[in-house]
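Chain and residue survey
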Amino acid sequence: MRRIGCVRWEVLVLAVATLLTALGAACATAPLTQRSQLILVSRAEEAQLGTQAFDAVSKKGKRSRDPAQIAVVERIGNRIAAASGIQANWEFAVFEDDKTVNAFALPGGKVGVYTGIFRVAETEAGLAAVLAHEVGHVMARHGAERLSQGLLAQFGAAAIQIGMAGKDPGVTRGVLEAYGLGATVGVLLPWGRTQESEADRIGLVLMARAGYDPHAALSLWERMQKTEGRQRAPEFLSTHPGPGRRIESIRAWLPEALPYYRPTPEQVAEGGQFLPAAGTMRRAVAAPAPPSTPAIREGRWEREATAGLRFVFALDRPVALQGAEIRGPEGIIYQVFLEARLEANQREAITLPPEAMPGGVPPAGTYTLTIKGRFPDPAGQPFTAERAYAVR
Ligand SMILES: [Zn+2]
């Protein structure tokens, strides 16, 4: 295990009695997951060092001058930053590099996006999933945590003093090395697996609070999975057992984020909009990619006066519906005969009658709607799309 837990940390600190007072500052708790963290640098130091690292990356990379790209990244980023409730010098920068499917976050609120991620993110909600993940890293102070682990490895117990003083030039060097900026400026080291999962989980809640459908994170990772292998693995993938397991975790965390998703109709429409560069870059690809799974928009459910449940949905592209299934708590499985042509964003509803419920009353819990259909093109490729509804 690379992670240093606070218990082991205490043992270490006890050996250095004079440093006992530092213990309070050394142990922190990550938001949402409540994981114990070892953090030896103050927020001010962290922000200062993050800004230095960002300047170094900015000098190496080429900042985009495309006003449409800059505007969309800043708009989405600022909405997510506001949802985090963290006061920081937030900056959301776009780097011109179509080959790099990546994004990064530095302490103090500096977030960078490479243009290569646009074609995988596809829509504003997809990009929101990327940015919410990055803001999640900042919120959970993963940079400060990694730096602290680096300091501890380098200086042992003396790291506390160094960390607290924060003036030692060795600390600055330590930070830059912790970010992988020491030797080769501009190459950012991957986060640990724990930090990646934590950023995913926090990101889902953040994007939901900012008015973006957290389901977009699922479709993002499905597309990311297809991208992998074709080119350099993005930062997100490099430290993970595999995108498949990541997708499973995200699916399991969705019910935690869904209660925060209360979008206005404008926000729903905005989330579905294609990114400025995604269209042009897709045309540049020689072989057409297979159509990705349609995303189910909306997520409304209503309790019917007759004690049934009504699920409202819309798909992001025209399809031929061929049936649906709803799986609810207490073993509810309900097959729906559904044969219709549905236009993009056209609303459709499925009513689960009271007879389908145990005791005639729909229990609260997570209901998963699976839509089966075919794409309307001549090939008529089949697809299934899924969405969870948190019924209270
Ligand atoms: Zn990450």
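None of the values given here were measured: they were computed from a predicted structure. (Residues numbered from 1 in each chain as written. Predicted model: local features only at pLDDT ≥ 70, side-chain atom pairs only at ≥ 80, totals over all residues.)

**Remarks on the overall build of the chain**
In terms of helices and strands, the chain carries 15 helices and 14 strands. Across the 392 residues of the chain, 42% fall into the buried class. Sequence separation of 24 or more characterises 71% of the internal contacts of the chain that already satisfy a separation of 6 or more. (Helix = DSSP H or I, 4+ residues; strand = E, 2+ residues; numbered from the N terminus. Buried ≥ 20, exposed ≤ 12 C-beta atoms within 10 Å, placed from the backbone. Contact = placed C-beta atoms within 7 Å.)

**Quick look at the sheet that holds strand β3 (residues 91–95)**
Sheet strands pair via backbone hydrogen bonds, and the direction of the pair is either parallel or antiparallel. The strand order β3-β5-β4 describes an open sheet built from three strands, whose pairing is mixed. Each edge of the open sheet carries a strand with a single partner, namely β3 and β4 (103–106). Adjacent strand axes in the sheet meet at a mean angle of 15 degrees, parallel and antiparallel pairs treated alike. Summarising the sheet, β3 and strand β5 (residues 110–114) pair through five bridges and their orientation is parallel. The residue of β5 that forms the bridge with Glu-91 is Lys-110. Where helix α3 (residues 43–60) meets the sheet, its contacts fall on β4 and β5, and the angle it forms with β5 comes to roughly 25 degrees. Strand contacts of helix α4 (residues 67–84): β3 and β5, with the helix running at about 150 degrees to β3, the strand carrying the most contacts. (Pairing = 2+ DSSP bridges. Axes fitted to C-alpha atoms, helices over the stretch in contact; angles between N-to-C directions.)

**Describing unusual backbone geometry**
The phi dihedral of Glu-122 falls on the positive side, at around 65 degrees, and the residue is not glycine. Topologically, Glu-122 is positioned in the loop between α5 (118–121) and α6 (124–139). Residue classification places Glu-122 among the buried residues on the basis of 23 C-beta atoms within 10 Å. Unusually for a residue other than glycine, Arg-141 sits at a positive phi of about 55 degrees. Of note, Arg-141 is situated in the loop between α6 and α7 (142–155).

**A short note on the pairing of strand β9 (residues 319–327)**
When β9 meets strand β11 (residues 340–342), the two strands line up antiparallel, connected through three bridges. The residue bridging Leu-321 from the neighbouring strand is Ala-340, located in β11. Bridging between β9 and strand β10 (residues 333–336) involves four bridges; their strand directions are antiparallel. Across the sheet, the residue bridging to Arg-327 is Ile-333, located in β10. Two successive antiparallel strands, β9 and β10, enclose a turn made up of five residues, where Glu-330 displays a positive phi of approximately 60 degrees.

**Some words on the confidence of the model for the chain**
Mean pLDDT over the chain stands at 77; residues scoring 70 or higher make up 74%. α4 holds the highest mean pLDDT among the elements of the chain, 96, whereas helix α1 (residues 6–14) holds the lowest, 37. This model gives residues 179–188 a pLDDT under 50, and the stretch forms 19 contacts once residues within four places in sequence are excluded. Ignoring residues within four places in sequence, the model shows residues 281–290, a span with pLDDT below 50, making four contacts including any to other chains. (pLDDT = per-residue confidence, 0-100.)

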